[in-house]
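Here is how the chains run, residue by residue.
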Amino acid sequence: AGVRKGAVDNAAGVSALLELARSFAKNPPKRSLIFAAVTGHEQGLLGTEYLLDIGFPRGLQPVAGVNLDSPLVTFPFVDMAVHGASSTNLMPVVSQVLKRNRVGINRQPVPGQQHVDGSDHQSFVRRRLPSVYLTVGAGGGGEEQYLLFEQRHHGSVSDTYRLIRFDQLAR
């Protein structure tokens, strides 16, 4: 299979997850949050299916899911696509958070994002739990950057930290 570095896919996503967990630990919301890094979406969503099958600590029941898999933070993005928003009540919350962070919403995902239907939020959707998958939008060069990453770096030794714009990951 060869060496795969995986900085964008998916160390950047895990980094974002850990930073969000750290931030929420300092200022806890009213609801409980569970942060999970799972594997195996390429093999039929094995990680999220397992997570949902085994249950959650202290009998917590999920009410929604947010997927941040492989954030493409290689350029100054201007918008995000919110996959799954049409079948959920999460859009007002997502819209508010993106607006607060000066990120637009692009209702059309980047062409070529075939992986979206097989992404981890689908495990939640199948169980009738609202869930969204946030990806970079097509605006501001997003489509070109996505295609460039897919052609040159995805699953390659060139997927290193040098691709990541850490100022954009922080957003």
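For the structure given in this document, a descriptive report is provided here. (Residues numbered from 1 in each chain as written. Predicted model: local features only at pLDDT ≥ 70, side-chain atom pairs only at ≥ 80, totals over all residues. Heavy atoms only, no water.)

**What about the side chain of Asp120?**
Link 1 in the chain: Tracing the sequence through the fold places Asp120 in the loop between β3 (104-105) and α4 (121-126).
Link 2 in the chain: At a separation of 3.4 Å, a polar atom in the side chain of Asp120 contacts the side chain of Thr48.
Link 3 in the chain: Beyond its immediate stretch of four places on either side in the chain, Asp120 contacts Val38, His41, Leu45, Thr48 and Asn67. (Helix = DSSP H or I, 4+ residues; strand = E, 2+ residues; numbered from the N terminus. Polar contact = N/O pair within 3.5 Å; in protein donor to acceptor, adjacent residues only side chain to side chain. Contact = heavy atoms within 4.5 Å.)

**Some words on helix α1 (residues 7-26)**
Link 1 in the chain: Compared with an ideal rise of 1.5 Å per residue, which puts 20 residues at 28 Å, α1 spans 27 Å between its outermost C-alpha atoms and is within 8% of the ideal.
Link 2 in the chain: Taken together, the buried positions of α1 are occupied by Ala7, Val8, Ala12, Gly13 and Ala16. The arc that holds the buried residues of α1, viewed along the axis, is 160°, so those residues lie on one side. Exposed residues pointing more than 90 degrees away from the buried face of α1 are listed as Leu18 and Ala25.
Link 3 in the chain: Considering only its buried residues, α1 is in contact with α5 (142-152) and α6 (166-170). (Expected span 1.5 Å × (residues − 1). Buried < 20%, exposed > 50% of the residue type's maximum accessible area, 1.4 Å probe, protein only. Arc of directions from axis to C-beta.)

**Quick look at the pairing of strand β2 (residues 79-83)**
Side-chain positions along a regular strand alternate between the two faces of the sheet.
Link 1 in the chain: Counting buried positions over the five residues of β2 gives five, a clear majority of the element.
Link 2 in the chain: Side chains of β2 alternate between two faces, with Asp79, Ala81 and His83 and Met80 and Val82 buried alike.
Link 3 in the chain: Taken together, β2, helix α3 (residues 91-100) and β3 constitute a β-α-β crossover, and its handedness is right-handed.
Link 4 in the chain: Pairing of β2 with strand β4 (residues 131-136), which is carried by four bridges, proceeds in the antiparallel orientation. Across the sheet, Val82 pairs through a bridge with Leu134, a residue of β4. (Right-handed = clockwise from strand over helix to strand, strands pointing away. Pairing = 2+ DSSP bridges.)

**Here's the deal with the sheet that holds β2**
Link 1 in the chain: With mixed pairing, the four strands of this open sheet are ordered in space as β1-β4-β2-β3. A strand with exactly one partner marks an edge of an open sheet, and here the two such strands are β1 (65-67) and β3.

**Points about unusual backbone geometry**
Link 1 in the chain: In this structure, Asn10 follows Asp9 across a cis peptide bond, with omega equal to 20°.
Link 2 in the chain: Considering the arrangement of structural elements, one finds Asn10 in helix α1.
Link 3 in the chain: Unusually for a residue other than glycine, Arg58 sits at a positive phi of about 50°.
Link 4 in the chain: In this fold, Arg58 is placed in the loop between α2 (46-54) and β1.
Link 5 in the chain: On the basis of relative accessibility, which here comes to 78%, the residue Arg58 falls in the exposed class.
Link 6 in the chain: The phi torsion at Arg102 lies on the positive side, around 55°, for a residue other than glycine.
Link 7 in the chain: For Arg102, the position within the fold is in the loop between α3 and β3.
Link 8 in the chain: Judged by relative accessible area, which is 72%, Arg102 ranks as exposed.

**Some remarks on the pairing of β4**
Link 1 in the chain: Counting buried positions along β4 yields six of six residues, so the element is predominantly enclosed.
Link 2 in the chain: The pairing of β1 with β4 spans three bridges and is classified as parallel. Paired with Gly65 across the two strands is Ser131, which belongs to β4.

**Points about the environment of Ala37**
Link 1 in the chain: For Ala37, the position within the fold is in the loop between α1 and α2.
Link 2 in the chain: Residue classification places Ala37 among the exposed residues on the basis of a relative accessible area of 58%.
Link 3 in the chain: With 31 residues separating them in the primary sequence, Ala37 and Leu68 have C-alpha atoms 10.0 Å apart.

Without other data, these values stay purely geometric and don't point to any function.
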